Amino acid sequence: MTRPGTDRTTDLVTTKAALREARAALPGTVALVPTMGALHDGHLALVARAREVADHVILSDFVNPLQFGPGEDYEAYPRDLDADLAAVDGLVDLVFAPSAEEMYPVLPPTVSVSAGRAGTLLEGAARPGHFDGVVTVVTKLLTLAAPDVAVFGRKDAQQLAILTRLVADLDLPVRIEPVEIQREPTGLARSSRNTYLSDAGRERALVLSRTITAAQEAAPSVGAVLGTLADALGSDEAEWAYALAVDPATLDPITPEHRGEALVVLAARVEGTRLLDATVVSLTAP
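Given the structure is predicted, the values throughout are model-derived calculations rather than measurements.

1. Examining the packing of aromatic side chains
Inference 1: For the structure on display, the rule yields three aromatic pairs.
Inference 2: On the basis of an interplanar angle of 70° and a centroid distance of 5.4 Å, the ring pair of Phe-68 and Tyr-74 is categorised as edge-to-face.
Inference 3: Ring geometry for Phe-68 and Tyr-77: centres 5.8 Å apart, planes at 80°, overall edge-to-face.
Inference 4: Among the residues examined, Phe-68 registers a relative accessible area of 18% and is labelled buried.
Inference 5: Between Arg-79 and the ring centre of Tyr-74, over which it is positioned, the NZ or CZ distance is 4.7 Å.

Structure below.
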């Protein structure tokens, strides 16, 4: 398939063997964009960045069962491969869309990867085992696709932090390329979950992006940033899970003595929908 006005043909592969063969035929550098499908504008921003940093782009489209815990309906997760293929037609070289049986001949796998303590904090506390599933599938995808660069969005800030440590700690030969959060004109971080919000819910959800802006403006003062987050928790516009400034390496909450980069992470429910937002701030003053 080739989209008019684009410069490449998009091929679909569904087996690990076919992916390895197609990857070996790609000259130059390769970027990988891992996704679970249901592609939206946020994913297309990742693809656009991948095209800027590499000669070729591979997009994986795979709903990973290892990321789903008890009470999370893996079977109900949206899947529309035809729509996903149409969205990236001519924009990527390969779409890798395997079945669960192809990726995991034995499920659960006999050997898997652990996200360690960082995978038990924040979102990991609410979803036990989730990040172990993420790092396992990403390790497999990096091994299969052998990319020079892997592209991830900053909205899933904890995932990005853990995957950055995965690559560093296991000496994987790939560079992680973060992409800034894509926002709606109102400032709301783009997410497929936004479709569950009413107009009133979307308005209430803006408390997250307002808090992000306030935290950015409060930097470089540690005290001001922590005060901003404490104020946000007092808002009744959302049901807050957390609003924290954490160390990017450990994901532990920072202390007033912290200096350097900090990761501001937010999670809250609006109309029953769990929403995330995040930013990085540089803290150099009390």
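2. Description of the side chain of Gln-67
Inference 1: Mapped onto the secondary structure, Gln-67 falls in the loop between strand 3 (56-61) and helix 3 (81-88).
Inference 2: A polar contact is formed between the side chain of Gln-67 and the side chain of Asn-64, at a distance of 3.1 Å.
Inference 3: When near neighbours in sequence (up to four residues on either side) are disregarded, Gln-67 contacts Met-36, Glu-72, Arg-127, His-130, Gly-133, Val-134 and Val-137.

3. Thoughts on unusual backbone geometry
Residues other than glycine predominantly adopt negative phi, and peptide bonds predominantly adopt the trans conformation.
Inference 1: Here the bond from Leu-107 into Pro-108 is cis, since omega is 0°, no more than 30 degrees from zero.
Inference 2: For Pro-108, the position within the fold is in the loop between helix 4 (100-103) and helix 5 (123-126).
Inference 3: Cis geometry is found at the peptide bond from Ala-219 to Pro-220, where omega equals 15°.
Inference 4: Within the secondary structure layout, Pro-220 lies in the loop between helix 8 (199-218) and helix 9 (222-233).
Inference 5: We note that Leu-122 has phi near 50°; this positive angle belongs to a residue other than glycine.
Inference 6: Mapped onto the elements, Leu-122 comes out in the loop between helix 4 and helix 5.

4. Here's the deal with the side chain of Gln-158
Inference 1: Locating Gln-158 in the fold gives a position in helix 7 (residues 157-169).
Inference 2: Take Gln-158: its relative accessible area is 5%, and that puts it in the buried class.
Inference 3: One polar contact links the side chain of Gln-158 to the main-chain carbonyl oxygen of Leu-121, over a distance of 2.8 Å.
Inference 4: In this view, Gln-158 contacts Ala-118, Leu-121, Leu-122, Glu-123, Gly-124, Phe-131 and Leu-251; residues no more than four positions away in its chain are not counted.

5. Some words on the packing of helix 1 (residues 16-24) against helix 6 (residues 130-145)
Inference 1: Two elements in contact, helix 1 and helix 6, have axes separated by 8 Å at closest approach and are oriented at 45°. Taken together, the axis directions place helix 1 and helix 6 in an arrangement best described as oblique. Here Lys-16, Leu-19, Arg-20 and Arg-23 of helix 1 lie close against helix 6, whose contacting residues are Thr-143, Leu-144 and Ala-145.
Inference 2: For the contact of helix 1 with helix 6, the per-class residue count stands at three nonpolar, one polar and three charged.

6. Digging into the sheet that holds strand 9 (residues 273-283)
Inference 1: One open sheet accounts for three strands, arranged 7-8-9; its pairing is antiparallel. In the strand order of this sheet, the two ends are held by strand 7 (239-246) and strand 9, each with one partner. The mean angle between the axes of side-by-side strands here comes to 10°, regardless of whether they run parallel or antiparallel.
Inference 2: Both strand 7 and strand 8 (residues 260-270) contribute to a ladder of seven bridges, which runs antiparallel. Note on strand 8: the bridge partner recorded for Val-246 is Leu-263.
Inference 3: Strands in contact with helix 9 are strand 7, strand 8 and strand 9; relative to strand 7, the strand with the most contacts, it is inclined by about 175°.

Basis of the calculations
Residues numbered from 1 in each chain as written. Predicted model: local features only at pLDDT ≥ 70, side-chain atom pairs only at ≥ 80, totals over all residues. Heavy atoms only, no water. Phe/Tyr/Trp six-rings, centres within 6.5 Å; stacked < 30°, edge-to-face > 60°. Buried < 20%, exposed > 50% of the residue type's maximum accessible area, 1.4 Å probe, protein only. Lys NZ or Arg CZ within 6 Å of the ring centre and 35° of its normal. Helix = DSSP H or I, 4+ residues; strand = E, 2+ residues; numbered from the N terminus. Polar contact = N/O pair within 3.5 Å; in protein donor to acceptor, adjacent residues only side chain to side chain. Contact = heavy atoms within 4.5 Å. Axes fitted to C-alpha atoms, helices over the stretch in contact; angles between N-to-C directions. Parallel < 35°, antiparallel > 145°, perpendicular 65-115°, else oblique. Nonpolar A, V, L, I, M, F, W, Y, C, P; charged D, E, K, R; others polar. Pairing = 2+ DSSP bridges.

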